[in-house]
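If you want the building blocks of each chain, they are given just below.
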Protein chains: 2
Amino acid sequence: MRIVVDAMGGDHAPAAVVEGVVDAIKEFDVNITLTGLQDKIEEELRKYDYPKDKISIAHTDEVVGMHEPATTSIRKKKNSSISIGIRLLKEPGHDAFISAGNTGAVVAAATINLGMLQGVERPAIGLVIPSLKQFSFLIDAGANTDAKPQHLLQSALLARVYAREVLGVKNPTLGLLNIGEEASKGTGFSKETHKMLEEHVENFIGNVEASEVYTGKSNCIICDGFVGNIVLKVSEGLMESAGKLMKREIKKNPLAMLGALILKFTLKDIKKLADYSEYGGAPLLGVNGLVMISHGRSNPKAIKNAIRATMREVEHGIIDIMIKEVAGHGVEGK
Amino acid sequence: MRIVVDAMGGDHAPAAVVEGVVDAIKEFDVNITLTGLQDKIEEELRKYDYPKDKISIAHTDEVVGMHEPATTSIRKKKNSSISIGIRLLKEPGHDAFISAGNTGAVVAAATINLGMLQGVERPAIGLVIPSLKQFSFLIDAGANTDAKPQHLLQSALLARVYAREVLGVKNPTLGLLNIGEEASKGTGFSKETHKMLEEHVENFIGNVEASEVYTGKSNCIICDGFVGNIVLKVSEGLMESAGKLMKREIKKNPLAMLGALILKFTLKDIKKLADYSEYGGAPLLGVNGLVMISHGRSNPKAIKNAIRATMREVEHGIIDIMIKEVAGHGVEGK
């Protein structure tokens, strides 16, 4: 198995990416192709002792910045580490692509270069949320922000395959993120989506409120990319602000500092609730290829985790299964 | 000043409501009218020693359940503690209404019975969020879920008055909740709203991402009621799940239990970040009267806090100011 990794993606690239990759090849049975500026990558690689034949480099002379506008950057920088990496997937022997770089650019490059799976009109980002029970798989976390109900239905079918094949849930439940539990709740968009999911999706449990995202009430949670991005960002922001507030309060009180020291590891566990680097990345679903988007802040551990998660996707051949299951519903463009 | 309080509203009503009211009249210069089942209210009042002339009861023989569908309950139960309470505002000497009952029913009853302020087409729920700096005032937290851009503009004008007059910020900043900072981000709806806010609202700082809700980057944060409800519920859910996870982890380890004991009060402070009972309630803005919605789980302290917050609204005469400031923009129905 060979996974292509964007060496230039993320706030701590290429150092954190290269370190994570080296850790991964030592621990897992996987080969890696790193895309990016060859000099920089080699400089990082020289720091480590590792089986040289397991890592190769595909040099690219362009890099997309973390905050560049997605579509223009992809159009102008055809040889970026993101575009080259994604195009490699069309060559035999390259199984998946991982990037902690500019999310919008990865989504755009994947959509343009790989195309969509038959029966799927828009890409969607899946988010594995560690909840109280097992996990929640929220989709879409921000790829498709001007969605139509049938896009959500298509994402729902993809989500069920992912939850079953990669996350190991036998017959995953699926809920529609809404502002109330009754079918009559929400906007016109919510009601239409609810109806489509009810008709086409097995084990659909109806509407799920946002308060249930972290309880694990539903294995899969469906929403449009705008709302999904709000869920993701508000959660990250809340945990970060709570952490800062805690530090500020604790510093005022020596006894509290002792308490915090004792609780350090427990508190770290709590923070993981809203930290998607734990799973390693967020799969971009719907495109015709395996693409994993890691968090911009990814540290080496997150990169290693992303490689492990992506390996599971490859092992289970989820693209073929998705094609079969979505096509069976004939839910394309109405 | 006389504030009408729904004695039957909330999960712990009437006990928690009556206790909070008794605490409030002892501490503040305010008279209260309690609406609800007279027997039940008197039974609770008998538990306390208090100046009898400061509390009166308006008997109602109907109660709206916490989970009844909002509009039908208001249509069928014209003499509920909510409807009677709101109708009292139209009689002289009644300054404001507070309920911890069914939010949808309060919104519906207020809209029908009080009507809208001139220049405002839809009600909006404001949420005072204690953030790292000062606070954020998020509007709309769920009253108007099928909103148009001009509704958000109207809410924005109301929010600025509230933040300035009641929350005491001189020239409040205002941001549009969106999935990116650039004006070009988001849905067609976001872009249109952005343009309207830019044209009409003083101190508009542009788009604000959901990760900034808890940092206090913007004093006021504008969004439609669907998204606002998601922000509110996901925050509550995350804090609750984090709390449960923490308890579970701490129980596994006696040393961690000690740490938690020491940190108890600090951790309570953190939880307040996503707990709107701290402010006491969420003002329902846009209707022609002062209505405060308290959390269904309100304890006596939350009810007392809601009374104090509502007193500030009355003292500052915000209805008159809102009428003046919104009318000046001529932003009604386009």
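Note that the coordinates shown come from a computational prediction; the quantities given were computed from them, not determined experimentally.

1. Things to note about the overall build of chain A
Here's step 1: For chain A, the helix and strand inventory stands at 11 helices and 11 strands.
Here's step 2: The C-alpha radius of gyration of chain A comes to 20 Å, within 12% of the 20 Å expected for a compact globule of 334 residues.
Here's step 3: Principal-axis analysis of the C-alpha atoms places the extent of chain A at approximately 60 × 60 × 35 Å.
Here's step 4: Burial status across chain A gives 61% buried among its 334 residues.
Here's step 5: Restricting to contacts in chain A with at least 6 residues of sequence separation, those with at least 24 account for 73%.

2. Remarks on the environment of Ile82 of chain B
Residues and elements named next belong to chain B.
Here's step 1: Looking at where Ile82 falls in the secondary structure, it is placed in helix α4 (residues 81–88).
Here's step 2: Residue class for Ile82 comes out buried when judged on its relative accessible area of 2%.
Here's step 3: Expressed as a C-alpha distance, the spacing of Ile82 and Gly296, which sit 214 residues apart in the sequence, is 14 Å.
Here's step 4: Setting aside residues no more than four positions away along its own chain, Ile82 makes contact with Asp6, Val64, Ile74, Phe97, Ser99, Asn102, Ala105, Val106 and Ala109.

3. Quick look at the interface of chain B and chain A
Here's step 1: Taken residue by residue, the interface counts 48 residues in chain B and 48 residues in chain A.
Here's step 2: With both sides pooled, the region where chain B packs onto chain A buries about 4,400 Å², and carbon together with sulfur makes up 78% of that total.
Here's step 3: For Glu209 of chain B, the salt bridge goes to Lys233 of chain A, with nearest N and O atoms at 2.4 Å.
Here's step 4: At the surface where chain B touches chain A, the tally comes to four residue pairs in polar contact (both at pLDDT 80 or more).
Here's step 5: Within the residue set of the side of chain B that touches chain A, elements represented by two or more residues are β7 (174–178), α7 (188–200), α8 (225–251) and α9 (254–271) of chain B.
Here's step 6: The biggest single contributor to the side of chain B that touches chain A is α8 of chain B, with 19 residues.
Here's step 7: Looking at the side of chain B that touches chain A, its residues break down into 27 nonpolar, 14 polar and seven charged.

4. Some remarks on helix α2 (residues 38–45) of chain B
Residue and element names in this part refer to chain B.
Here's step 1: Taken residue by residue, α2 has Ile41, Glu44 and Leu45 as its buried positions. Down the axis of α2, the buried set is contained in an arc of 100°. They therefore lie on one face.
Here's step 2: Among the structural elements, α1 (15–27), β2 (31–36) and β3 (55–59) are those in contact with the buried residues of α2.

5. Describing the relation of the copies chain B and chain A
Here's step 1: Least-squares fitting of chain B to chain A yields an RMSD of 0.0 Å, with the superposition described by an axial translation of 0.0 Å and a rotation of 180°. Read as a symmetry element, the transformation amounts to a two-fold axis. It is Gly259 of chain B whose C-alpha, among those of chain B, lies nearest the rotation axis, at 1.9 Å.
Here's step 2: When you check the interface residues of chain B against chain A, 100% turn up at the interface there too, and the contact is symmetric in its surfaces.

6. Description of the packing of helix α6 (residues 149–165) of chain B against α7 of chain B
Packed helices, taken two at a time, are described by their axes: the angle between them and the distance between them.
All names here are of chain B.
Here's step 1: Here α6 crosses α7 at 40°, and the two axes come no closer than 9 Å. When the interaxial angle is binned, α6 and α7 end up oblique. The handedness of the crossing between α6 and α7 comes out as right-handed. Along the contact surface, α6 presents Pro149, Gln150, Leu152, Leu153, Ala156 and Leu157, while α7 presents Phe189, Glu192, Thr193, Met196, Leu197 and His200.
Here's step 2: When its residues are assigned to classes, the contact of α6 with α7 shows eight nonpolar, three polar and one charged.

7. As for the nonpolar core
Here's step 1: Leu177 and Val291 of chain A together with Leu177 and Val291 of chain B are the most contacted members of the largest nonpolar core, which has 84 residues in total.
Here's step 2: Residues in contact with Val291 of chain A, not counting those within four places in the same chain, are Leu89, Phe97, Val106, Ala110, Leu114, Ala282, Pro283 and Leu284 of chain A.

8. Some words on the packing of helix α6 (residues 149–165) of chain A against helix α11 (residues 318–327) of chain A
All names here are of chain A.
Here's step 1: Contact geometry of α6 with α11 gives a least axis separation of 9 Å together with a crossing angle of 140°. Here α6 lies oblique to α11, going by the angle between them. Crossing of α6 against α11: the hand is right-handed. Contacts between α6 and α11 involve Leu157, Leu158, Val161, Tyr162, Arg164 and Glu165 from the first element and Ile318, Ile321, Met322, Glu325 and Val326 from the second.
Here's step 2: Taken together, the residues of the contact of α6 with α11 sort by class into eight nonpolar, no polar and three charged.

9. With respect to the confidence of the model for chain A
Here's step 1: Predicted confidence across chain A gives a mean pLDDT of 91, with 96% of residues reaching 70 or more.
Here's step 2: Quick note on the complex model: pTM equals 0.91, ipTM equals 0.89.

10. Here's the deal with unusual backbone geometry
Here's step 1: The omega torsion of the bond from Ala13 of chain A to Pro14 of chain A falls at -5°, within 30 degrees of zero and hence cis.
Here's step 2: Looking at where Pro14 of chain A falls in the secondary structure, it is placed in the loop between β1 (2–6) and α1 (15–27).
Here's step 3: Positive phi outside glycine occurs at Asn203 of chain B, with the angle close to 60°.

11. Section: the sheet that holds strand β8 (residues 204–209) of chain A
Residue and element names in this part refer to chain A.
Here's step 1: Spatially, the 11 strands line up as an open sheet ordered β3-β2-β1-β4-β11-β10-β5-β6-β9-β7-β8, and their pairing is mixed. Lying at the two open borders of the sheet, with one neighbouring strand each, are β3 (55–59) and β8. Ignoring strand direction, the axes of neighbouring strands in this sheet form an average angle of 25°.
Here's step 2: Across three bridges, the pairing between strand β6 (residues 136–139) and strand β9 (residues 220–222) is parallel.

12. Describing the packing of aromatic side chains
Residue and element names in this part refer to chain A.
Here's step 1: Scanning the entire structure with this criterion turns up two aromatic pairs over all chains.
Here's step 2: Here Phe137 and Tyr162 contribute two aromatic rings whose centre-to-centre distance is 4.9 Å and whose plane-to-plane angle is 5°, an arrangement assigned as stacked. Of the two residues, Phe137 is situated in strand β6 and Tyr162 in helix α6; the sequence distance between them amounts to 25 residues.
Here's step 3: Residue classification places Phe137 among the buried residues on the basis of a relative accessible area of 0%.

Parameters and conventions
- Residues numbered from 1 in each chain as written.
- Chains lettered and ligands numbered in written order.
- Predicted model: local features only at pLDDT ≥ 70, side-chain atom pairs only at ≥ 80, totals over all residues.
- Heavy atoms only, no water.
- Helix = DSSP H or I, 4+ residues; strand = E, 2+ residues; numbered from the N terminus.
- Rg over C-alpha atoms; globule rule 2.2 N^0.38 Å.
- Buried < 20%, exposed > 50% of the residue type's maximum accessible area, 1.4 Å probe, protein only.
- Contact = heavy atoms within 4.5 Å.
- Buried area = accessible area lost by both parts, 1.4 Å probe.
- Salt bridge = Lys/Arg side-chain N within 4 Å of Asp/Glu carboxyl O.
- Polar contact = N/O pair within 3.5 Å; in protein donor to acceptor, adjacent residues only side chain to side chain.
- Nonpolar A, V, L, I, M, F, W, Y, C, P; charged D, E, K, R; others polar.
- Arc of directions from axis to C-beta.
- Least-squares fit on C-alpha atoms with pLDDT ≥ 70 in both.
- Axes fitted to C-alpha atoms, helices over the stretch in contact; angles between N-to-C directions.
- Parallel < 35°, antiparallel > 145°, perpendicular 65-115°, else oblique.
- Left-handed = near helix turned anticlockwise from the far one by under 90°.
- Core = buried A, V, L, I, M, F, W, Y, C linked by side-chain atoms within 4.5 Å.
- pLDDT = per-residue confidence, 0-100.
- Pairing = 2+ DSSP bridges.
- Phe/Tyr/Trp six-rings, centres within 6.5 Å; stacked < 30°, edge-to-face > 60°.

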